[in-house]
Amino acid sequence: MITFHQNKQIVHITNQTISYVMEVVDGTYLAHRYFGKAIRAYRGAGAPIYFKRSYNTEHDLSIPHVSFDDFPFEYPVRGNGDFRIPALAVTQESGITHICPAFKRWSCQQGKPEITGLPAVFAEKKEEAETLEIVCEDAIAGVRIYLYYTIFDEMGIILRHQKIENIGTQTVKLQNVQSASLELPAQQYDFLSLYGSHTKEANCERFSVHHGVQRIESVRGSSSPQHHPFVALLSPKTDETSGDVYAMHLVYSGNFLAQAEVDQFGSVRVQVGLHPDTFGWQLKPGETFETPEAVLNYSAEGLNGMSHNFHWLYHNHLLPRQFARKPRPVLLNSWEAMYYDVSLDKIEHQAELAKQIGIELFVLDDGWFRSGNTSHTSMGDWECNENKIPGGIEKAAEIIHDKGMQFGLWFEPEAITADTKLYQQHPDWVLHIPGYEPVKGRHEYLLDLSQQEVRDYLVLMLDRYIQKGSIDYIKWDMNRPLTDVNSMALECSRKDEISHRYVLGLYDVLSRITGKHPHVLIEGCSSGGARFDPGMLYYVAQNWTSDNTDAYERTQIQSGYSMLYPPISMGAHVSITPNHQTGRVISLDTRYQIARLFNLGYELDLDLCTPKERETIAAQIAEHKSMRKWLQDGRFYRHTVPNDNYVMWSIVSRNKEECLVVILQKLHNLLRSHGQFRLLGLNPQCDYRDAERGEVYGGDELMRLGLAIPLIKEDFHAFTFHFMKAEDT
Ligand code: GLA
């Protein structure tokens, strides 16, 4: 609900969970008032009182003593006497960088507008959401700003983005346009973000915010595993189930900046948006520019509360509709079984074994088009190497389809190697700077997706494979950062637009492919999780979480990503033991338990498994198929455990009638402490039967006293409990 008060000087955006309040001061300056737990009706409580600040900027407002350096601007700019981090910076044709927008009007509409050329959260029905549009303007600079705020009728989420219009007669250059800026009351907060690297993605890092600016970013061209486009400020005692969380997440797959500033008076400003160091945008008279969307998330119920808000939003309003609620096929991926050394014989043999154990989708990974068995060659022409696969992809697809499975194929559409026909014919299709040797990454260069012709080529190429009916699934990989970020097709004055234009180009290709072939399931991948972000999830229904398939390491990576993403969107595969990345030996059961709450797949040479192991895998797959409907739709919890020797997760079905709990014991520890492994999210009035052991407990009992886990002398042992509502409750 969006309501205006006090002669339309205050706006209150609210649902049952949250409120967001803004105010127009002196009819001109848009100020932030509040974001947090829902308020029934806002009547003006907590209006800021300003103090005389010596040695600071002064402004003649009706409220005494206002300094803009102490004013809670809703969308701050540089140059008006506010010296904190700005959300907007513009250069006029004259070279002047000043801008001072004034409030003009606000209005609301049902539903949620789309953002041109960019992925965004959607409302399927108009009644589900309401959007506020605020218009501010600087007539001298010739800039009009439209600020958008969408609220759904449930959950603690506000969606933000901006549109900038050139209403003048001269060209302006946008230097910095953040997607959201948020003022928080002066108090102590912790800064939470996710950092990582290839095979070590999504580690939570938390520290106490201090005076000055604290920031995380990517300038690698994609959202990156080094930092994730997410930041949360937490009240210091926040844990998994209690405490205030103010989070921001950017729906974007390129360079970003997420930052928080504590100013001289202790006030806190948080922002997220395009990285201004790698961004510029020329706006001619009449033109508009739209920012990516920022998801603002408030939870009064700690980190699980924040995650549930994100999971709900992405599952219901971001993932491709046709796959969001469809049971995901259990797949077998060829990578760790064959690497580049693929052959028709191997495919046929693995497929036969796969069919016997109940695999539904066979994915042929890298190698099928390479002239040799390395990553050095053949990327870009996308022609099958018939020495490896006589009869080509059609033949491989026919074999898989004949066995009743779907067929998936690996591509890295954005990359190109120098030995290809494509590179010889179109050297200017590659990101490069004339006169300099382009930097290679994994032996490859990148195509310039800002060029229409390049995008058309990729759409045509993928279309060809899909049209022939060969493929039901694409693994869309991208294995290197962007360097030599220059397009031969763009005029000099627009060179700073290329990083963003690349991402827009990628979205264009993805939207054309998914628009034309909505039945093709796409899995996003970028050396694992290097481009796992909400921007990609708008097009791809699932993402390969990490190239690290070690079940123990996966507990950290999957816990980290579960902060933001519903388990259905995270690929989790059972691989061979000893693990190829770490050499660690972990039982087949634990490998399965760690993967099964997520998007289950297998990535191992089935020939290296004993017949007994294959039988076990077949039983795992059958069990997963019998439970996946409610698991993939349920609510995921991370649990606080007695000590860090354990990781505990659970999924509770929507109707709270079933619950699956997995507890990993990292090492067998002789000093066993008596901790409690408490359940979360059950119905306290309901009784639950332990499906394996037969005992019945009350939901309240399980949530207050928890589970006892038996003594098992084994490292990396997983305990599993499946509770079902007891018949007579
Ligand atoms: C990346 C992916 C892997 C695999 C290889 C193939 O590293 O993350 O899963 O597809 O590429 O080259």
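Anything mentioned here points back to the structure above.
Residues numbered from 1 in each chain as written. Predicted model: local features only at pLDDT ≥ 70, side-chain atom pairs only at ≥ 80, totals over all residues. Heavy atoms only, no water.

(A) Layout of the site of the ligand. Neighbouring residues of the ligand: 14 residues in total, closest Asp365, Asp366, Arg442, Lys475 and Asp547. The side chain of lysine 475 places a nitrogen or oxygen atom 2.7 Å from an oxygen atom of the ligand. Interatomic distance of 3.4 Å between a side-chain N/O atom of asparagine 479 and an oxygen atom of the ligand. A class-by-class count of the residues in the shell around the ligand yields five nonpolar, three polar and six charged. (Near = heavy atom within 4 Å. Polar contact = N/O pair within 3.5 Å; in protein donor to acceptor, adjacent residues only side chain to side chain. Nonpolar A, V, L, I, M, F, W, Y, C, P; charged D, E, K, R; others polar.)

(B) Local environment of the sheet that holds strand β26 (residues 473-476). Pairing within the closed barrel is parallel, and its eight strands lie in the order β21-β22-β23-β26-β27-β28-β29-β30. Neighbour to neighbour, the strand axes of the sheet diverge by 30° on average, direction disregarded. The pairing of strand β21 (residues 331-333) with strand β30 (residues 599-603) spans two bridges and is classified as parallel. From the neighbouring strand, leucine 331 faces β30, where its bridge partner is glycine 601. Lying over the sheet, helix α7 (residues 452-467) contacts β23 (406-411) and β26, oriented at roughly 160° with respect to β23. (Pairing = 2+ DSSP bridges. Helix = DSSP H or I, 4+ residues; strand = E, 2+ residues; numbered from the N terminus. Axes fitted to C-alpha atoms, helices over the stretch in contact; angles between N-to-C directions. Contact = heavy atoms within 4.5 Å.)

(C) Local environment of the nonpolar core. Residues Ile134, Trp368, Ile389, Phe407, Phe411 and Tyr602 are the most contacted members of the largest nonpolar core, which totals 192 residues. Ranked by the residues each element gives to this core, the list is headed by helix α8 (residues 498-516), at eight residues. Not counting the four nearest positions on each side in its chain, isoleucine 134 is found in contact with Met22, Leu30, Phe103, Arg105, Trp106, Ile145, Tyr146, Leu147 and Tyr149. Grouped together as the second largest cluster of nonpolar side chains are 21 residues, Val641, Cys659, Phe677 and Leu680 included. (Core = buried A, V, L, I, M, F, W, Y, C linked by side-chain atoms within 4.5 Å. Buried < 20%, exposed > 50% of the residue type's maximum accessible area, 1.4 Å probe, protein only.)

(D) Main features of the packing of helix α11 (residues 588-596) against helix α12 (residues 611-633). Two elements in contact, α11 and α12, have axes separated by 11 Å at closest approach and are oriented at 20°. As judged from the angle between their axes, α11 and α12 are roughly parallel. Crossing of α11 against α12: the hand is right-handed. Mapping the contact onto sequence places Leu588, Asp589, Tyr592 and Arg596 in α11 and Glu613, Thr616, Ile617, Gln620, Glu623, His624, Met627 and Leu631 in α12. A class-by-class count of the residues in the contact of α11 with α12 yields five nonpolar, three polar and four charged. (Parallel < 35°, antiparallel > 145°, perpendicular 65-115°, else oblique. Left-handed = near helix turned anticlockwise from the far one by under 90°.)

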